[in-house]
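Spelled out, the chains give:
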Amino acid sequence: MPTPNRQPLSRRGFLTVGSIGLGSITLADLLRVQARADLKSYAPIPAKADSVIHIFLPGGISHQETFDPKPFAPVEYRGDMGSIPTKIDGERFSETLPQTSQIADKLTIIRSMTHGEAAHERGTHNMFTGYRPSPALQYPSFGSVISHEFGPRNNLPPYVCVPRQPNVYAGTGYLSSSFSPFSLGADPADAGFRVQDLNLPGDVKEDRFSTRRRVLDAVNDHFARKEKSDNIAAMDTFYDRAYSLISSQKAREAFNIAAEPAKIRDEYGRNAAGQRLLMARRLVAAGVRMVTVEYGGWDFHVGIVNGMKTQLPAFDQAYAALIRDLERNGLLERTLVMVSSEFGRTPKVNKDAGRDHWPKVFSVALAGGGVKKGYIHGASNATASEPDKDPIGPEDLATTVYSLLGIVADKELMAPGNRPIEIVDGGKVVKDLLA
């Protein structure tokens, strides 16, 4: 039975409802509320890792010349580099990874990573987001999602890139720019290394800095009342976090690599690989949630043996030092260390003694943070041309990484246009990787 005296709501009235205790709301507001109400919600899952160090080796590092040598394949497939035994019974690594082979009993090696993107940009997108590239939407990176879900800890940025953001896909995607990484802006291996924008200018003292902050707060508050937008909110968040970082001596000290004992700096190596990974260890120890480290250039279409022998020894030393250092400081159990590249290299050595792009199968190394120790997952076939068993796609790797951090990967985040988008779509937790 109709309720007496109720007037039908006109279109104009619907768009300017203001009498129900919500203030003046618009259709867009109502749709936004509805979209948020429709978002999936999940009970939290226990985290096995508190931090992530992602070591990205750009260009497509060869799996055959690193973690998946084929010593019994014909020479045109195995190449001219030899292999050596590791601390995992019956398993071998490239001859240029002697120190890594001695910590293999602390690692999980995935030898069956696979996707279909042979272009650098598209493969990189896969490995930083867990998504295939889309012309309709830019997806957020691991670090930006972690920043979104957890925020800062100990006055430190939640997501730091060393020495700088390595590519656009390591950024925020559809998330607010307030979840962008903090980039060092300089290489920790450089003489006189100094993080950009970390210290006050010489003519600005602490009390003057605090006064400026109060003035800035007043200005921000004025504009926030005038206009609500991602740029304003993101800038406000940026200033808040920058102030927390600059005003905290303990937070600033996390970036002071010169405070490390000379013996430790030598153990890692006084080079780009060594000092970048040492900086990563300092940052996660201090409270940074994710550190992305870029090292080297591995796109060896020509002269792969010389290229690998030039760059791999420094990585080998630094990576082994990082794992040992994290372990002796009690950090490895709760820090997930991932080594990845955008794809692998072709099964056959080409006419220029190099290898070309090959996304059908390649390797990823994991350590700590809840993964097994001394474990090889999956396998490539005899010529390292495709997975022979237990293939893992980027969506599965991403889902597993998020799970280790206590993030449900098919939780939905809000993209522009109030579109709920899953953090990862279609991935599964690879339980065989877990300790």
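Per-chain numbering applies: the sequence of each chain, read as written, is numbered from 1 onward. Reporting of local features is limited, given that this is a predicted model, to residues whose pLDDT is at least 70; pairs of side-chain atoms are given and counted only at 80 or more, and all residues count toward the totals for whole chains, interfaces and linings. Side-chain descriptors were evaluated using all non-hydrogen atoms of the structure, hydrogens and water having been removed beforehand.

**Student:** How should unusual backbone geometry be read in this particular structure?
**Tutor:** Phi is mostly negative for residues that are not glycine, and the peptide bonds are mostly trans. The peptide bond linking Val162 to Pro163 adopts the cis configuration, its omega dihedral lying at -5 degrees. The phi angle at Asn155 is positive, at roughly 65 degrees, despite the residue not being glycine. Secondary structure elements are defined from DSSP: runs of H or I of at least 4 residues count as helices, runs of E of at least 2 residues count as strands, and each element is numbered from the N terminus. Assignment of secondary structure puts Asn155 in the loop between α6 (142–150) and β5 (159–162). In this structure Asn155 comes out as partly exposed when scored by relative accessible area, which is 42%. One non-glycine residue, Asp390, adopts positive backbone phi at about 50 degrees. Positionally, Asp390 belongs in the loop between β14 (387–389) and α13 (394–404). Taking the relative accessible area as the measure of exposure, Asp390 reaches 39% and is therefore partly exposed. Note on exposure labels: buried denotes an accessible area under 20% of the residue type's maximum, exposed denotes more than 50%, and partly exposed covers the range between, all computed with a 1.4 Å probe on protein chains only.

**Student:** So what exactly am I meant to see when it comes to the nonpolar core here?
**Tutor:** Generally speaking, soluble globular proteins have nonpolar side chains that are buried together. Residues enter a nonpolar core if they are buried and are Ala, Val, Leu, Ile, Met, Phe, Trp, Tyr or Cys, with the set joined through side-chain atoms within 4.5 Å. With 60 residues, the main nonpolar core has Ile55, Phe255 and Tyr319 as its most contacted residues. With 12 residues, the top contributor of residues to this core is helix α12 (residues 304–328). Should any heavy atoms of two residues lie within 4.5 Å, those residues are considered in contact. When sequence neighbours within four positions are dropped, the list of residues in contact with Tyr319 reads Ile55, Thr100, Ile103, Leu107, Leu277, Val337, Val339 and Ala365.

**Student:** Which parts of the structure should I look at to understand the packing of aromatic side chains?
**Tutor:** A ring pair, where both rings are aromatic, is described by two values, the distance of the centres and the angle of the planes. Two aromatic rings, drawn from Phe, Tyr or Trp (for Trp, its six-membered ring), form a pair once their centres lie within 6.5 Å of each other, and the interplanar angle then sorts them: stacked below 30 degrees, edge-to-face above 60, tilted otherwise. Scanning all chains against the criterion turns up 9 aromatic pairs. On the numbers, 4.8 Å between centres and 70 degrees between planes, the contact of Phe56 with Phe128 is edge-to-face. Here Phe56, found in strand β1 (residues 51–56), pairs with Phe128, found in helix α5 (residues 120–129); they are 72 residues apart in sequence, far enough to count as distant. The residues Phe56 and Phe128 share a single accessibility class, namely buried. The interplanar angle of 85 degrees and the centroid separation of 5.3 Å between the aromatic rings of Phe67 and Phe93 together place this pair among those described as edge-to-face. Here Phe67 is found in the loop between β1 and α3 (75–78), whereas its partner Phe93 is found in strand β3 (residues 92–94), with 26 residues between them in sequence. The buried category is assigned to Phe67, whose relative accessible area is 6%.

**Student:** How do you make sense of the sheet that holds strand β7 (residues 290–294) when you look at a structure like this?
**Tutor:** The strands that make up a sheet are held in pairs by hydrogen bonds between backbone atoms, and each pair lies either parallel or antiparallel. Only when DSSP finds a minimum of two bridges between them are two strands counted as paired. Spatial ordering of the open sheet is given by β6-β5-β7-β1-β8-β11-β4-β12, a layout of 8 strands whose pairing is mixed. At either end of the open sheet lies a strand with only one pairing partner, and these are β6 (182–183) and β12 (375–377). Looking at chain direction, strand β4 (residues 107–113) and β12 are connected through 3 bridges and run parallel. Residue pairing for β12: Ile110 is matched across the bridge by His377. What counts as an axis is a line fitted to C-alpha atoms, over the stretch in contact for a helix, and the angles between N-to-C directions run from 0 to 180 degrees. Packing against the sheet, helix α11 (residues 272–286) makes contact with β1, β5, β7 and β8 (335–340), and its axis sits at approximately 175 degrees to β7. On the sheet, α13 packs against β4, β8 and β11 (362–367) and is oriented at approximately 165 degrees with respect to β8.

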